[in-house]
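Given next are the chains, with one letter for each unit.
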Amino acid sequence: MSKRDFYDVLGVSKSASQAEIKAAYRKLALQYHPDRNKASDAETKFKEVNEAYQVLGDEKKREQYNQFGHNAFDPNSGFGGGNPFSGGFQQGPFTYQYSSSGGNPFGGFDFGQGGDPFEIFESFFGGNPFGGRAQRKPRYTLTVSFMDAAKGAEKAVSIEGKKHTIKIPAGADDGTRIRFSEFDITLDVKPDAVFRRDGYDVYVDQEIPLTTAILGGMVDVPTLDGPLTLKVRPGTQPNTMVRLREQGIQYLQRRAKGDQYIRLIVKIPEKLSRQQKELIEELARL
């Protein structure tokens, strides 16, 4: 899913001055800070506000963003821009970082030294206007498979010489944070070769023969719960999307599920026998 434009996040124009950007950040950061706002979407909005300010509040990063957009900070985009949110270091199988035990909603980002959003917030306001900071505790990133995140699983890990069982809830996603008294775990979900995720919906590309697309038939398609036989209607067009209701990913802390979408890709034969070619030519004449 694409990110919102940083100027839209802060509610300012692209020609806004740095003073206007700082004023917009001040207003929104106070409004959505997790210590003050307990709304269900406050953490997400606070995350967006801080991410936007880290870029637009810096003249150099803002210039890069104006030129290349979000790709300026994507190391895979080919623009050569550094990611301003990268950080942490490796310790065993985990990426070791810190976060506030009071709740850091930035599980999808690895903030390096000086990039902690709470530190930025406090340096901007000269301290936390809502009280003192909670003691910092370590945060680790655990890499799991797509299916373990979607279906839920338990993982035995060793942290600082102690064994722990990490229970991954069904519906977890990349960046989901699991809190413990001594540390936090942030999940790094590996991409899957078959399934693609968008929120709680999943998408699958399924090839079907040209004859099945024309005449109709049955085809086995993968789902999170195993293969499913799907009826293909006669005259199915290329890239037709089929929706399987509530066959997607389990919502966190809810019984509802997302949907699965299957894109039917009609496979055109690259080589035909003489008889097959004659039959196609006869079909064209008819």
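Because the structure is predicted, anything quoted here is derived from the model rather than measured.

## A closer look at the side chain of Thr-236
Here Thr-236 lies in the loop between strand S11 (228-232) and strand S12 (240-244). Take Thr-236: its relative accessible area is 12%, and that puts it in the buried class. Within polar-contact distance, the side chain of Thr-236 engages the backbone oxygen of Arg-233 at 2.5 Å. Excluding residues within four positions of it along the chain, Thr-236 makes contact with Ala-213, Leu-264 and Val-266.

## Looking at the nonpolar core
One recurring pattern in soluble globular proteins: nonpolar side chains tend to sit buried together. Counting residues in hydrophobic clusters, the biggest one holds 23 residues, and the most contacted among them are Leu-10, Val-12, Ile-21, Val-49, Leu-56 and Tyr-65. Put simply, the parts of the chain that give this core at least two residues each are helix H1 (6-10), helix H2 (18-32) and helix H3 (42-56). The element that contributes the greatest number of residues to this core is H2, accounting for seven residues. Phe-146, Ile-168, Leu-187 and Ile-249 belong to the second largest nonpolar core, which has 21 residues in total.

## Structural notes on the layout of surface pockets
Each pocket or cavity is described by its volume, and for the second largest pocket that value is around 290 Å³. Around the second largest pocket sit Pro-209, Leu-210, Thr-211, Ile-214, Leu-215, Lys-267, Ile-268, Pro-269, Leu-272, Gln-276, Leu-279 and Ile-280, which together line it. Only helix H7 (210-215) and helix H8 (274-285) provide two or more residues apiece to the lining of the second largest pocket. Considering each element in turn, the lining of the second largest pocket owes the most residues, four residues, to H7. Of the residues assigned to the lining of the second largest pocket, the class counts are nine nonpolar, two polar and one charged.

## A word on the packing of H2 against H3
Taken N-terminus to C-terminus, the directions of H2 and H3 make an angle of 160 degrees; their axes are 9 Å apart at the nearest point. Looking at the two axes, H2 sits roughly antiparallel to H3. In terms of crossing hand, the pair formed by H2 and H3 is left-handed. Contacts between H2 and H3 involve Gln-18, Ile-21, Lys-22, Tyr-25, Leu-28, Ala-29 and Tyr-32 on the former and, on the latter, Ala-42, Lys-45, Phe-46, Val-49, Asn-50, Tyr-53 and Leu-56. Partitioned by chemical class, the residues of the contact of H2 with H3 number ten nonpolar, two polar and two charged.

Conventions adopted
Residues numbered from 1 in each chain as written. Predicted model: local features only at pLDDT ≥ 70, side-chain atom pairs only at ≥ 80, totals over all residues. Heavy atoms only, no water. Helix = DSSP H or I, 4+ residues; strand = E, 2+ residues; numbered from the N terminus. Buried < 20%, exposed > 50% of the residue type's maximum accessible area, 1.4 Å probe, protein only. Polar contact = N/O pair within 3.5 Å; in protein donor to acceptor, adjacent residues only side chain to side chain. Contact = heavy atoms within 4.5 Å. Core = buried A, V, L, I, M, F, W, Y, C linked by side-chain atoms within 4.5 Å. 1 Å grid on protein atoms, 1.4 Å probe; cavity = no way out; pocket = protein on both sides within 12 Å on 5 of 7 lines; lining within 4 Å. Points joined across faces, edges and corners; volume = space filled by probe spheres on them. Nonpolar A, V, L, I, M, F, W, Y, C, P; charged D, E, K, R; others polar. Axes fitted to C-alpha atoms, helices over the stretch in contact; angles between N-to-C directions. Parallel < 35°, antiparallel > 145°, perpendicular 65-115°, else oblique. Left-handed = near helix turned anticlockwise from the far one by under 90°.

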